[in-house]
Amino acid sequence: SAHHMDAINKAEYKQTVKILSEAGHVNDDSRFAIIHLKEMPKAEVLQWKTGDPIQRTASVVVKQGPKTFEGQVNLSEEKVDSWEEIKGVQPPFLYEEYEGMVEICAENEEWKASMEKRGYTSYDEIFASNLSAGYFGEDAEAEKRITKLTFFDVEGVEDHVYGRPIEGLTVVIDLNERKVLEVID
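Here's what I pulled together on the structure shown here.

The rules behind each value
- Residues numbered from 1 in each chain as written.
- Predicted model: local features only at pLDDT ≥ 70, side-chain atom pairs only at ≥ 80, totals over all residues.
- Heavy atoms only, no water.
- Helix = DSSP H or I, 4+ residues; strand = E, 2+ residues; numbered from the N terminus.
- Buried < 20%, exposed > 50% of the residue type's maximum accessible area, 1.4 Å probe, protein only.
- Contact = heavy atoms within 4.5 Å.
- Pairing = 2+ DSSP bridges.

## A word on the environment of aspartate 6
Counting through the fold element by element, aspartate 6 comes out in the segment before α1 (10–22). For the pair formed by aspartate 6 and glutamate 22, sequence separation is 16 residues and the distance between their alpha carbons is 26 Å.

## Brief notes about the side chain of threonine 16
Relative to the assigned elements, threonine 16 resides in helix α1. Overall, the relative accessible area of 0% leaves threonine 16 in the buried class.

## Let's talk about the side chain of asparagine 130
Mapped onto the elements, asparagine 130 comes out in strand β5 (residues 126–134). Judged by its relative accessible area of 13%, asparagine 130 is buried. In this structure, asparagine 130 is in contact with Phe93, Tyr98, Met101, Thr147, Lys148 and Leu149, ignoring residues within four places of it in sequence.

## A word on the environment of histidine 3
In this structure, histidine 3 sits in the segment before α1. With residues near it in sequence (within four places) discarded, histidine 3 still touches Val45, Trp48, Ile54 and Arg56.

## Points about the pairing of strand β6 (residues 146–153)
Burial analysis of β6 places six of its eight residues in the buried class, the great majority of the element. By the bridge criterion, six bridges tie β6 to strand β7 (residues 165–174) in an arrangement that is antiparallel. Pairing of isoleucine 146 across the sheet is with aspartate 174, part of β7.

Taken by themselves, the reported measurements are silent on function.
Here it is as structure tokens:
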């Protein structure tokens, strides 16, 4: 990068993962919810002149099973500056979690019965939209990744997945365990 404030690039993403992996903090099961550039203090950025060394640090949020970690990876010195488990928080949803939500529900007989009474026996054209994830104050939910789902019929839809809601059906799932906890019909 030519400047402190240049966006983090593909090579730096890969470098961040490599540094964390070599330090023993992540493995193939780790999921990167966030990798972004840590902004330098404004005074340092303003004092910087072309040709001065550039200090680049990536901030990361990593999901490992039910645990969430935050870290700072010094890309200039190729080392981990900090790595800490953050208890009681959930990282943002991961793309792979969105993709698997209908599959989790399709393994539950109660949900399938609720869908069938609405005329659905195939789930290829069903979109699950999740509401808030995380901890809702119940002790039984600690260490779980809870989300509530509503469903939409997206058959033939090209641009607006929320246009045909499947009314009156909400499902609570645990994404860590990949199982339905409750069907509200």
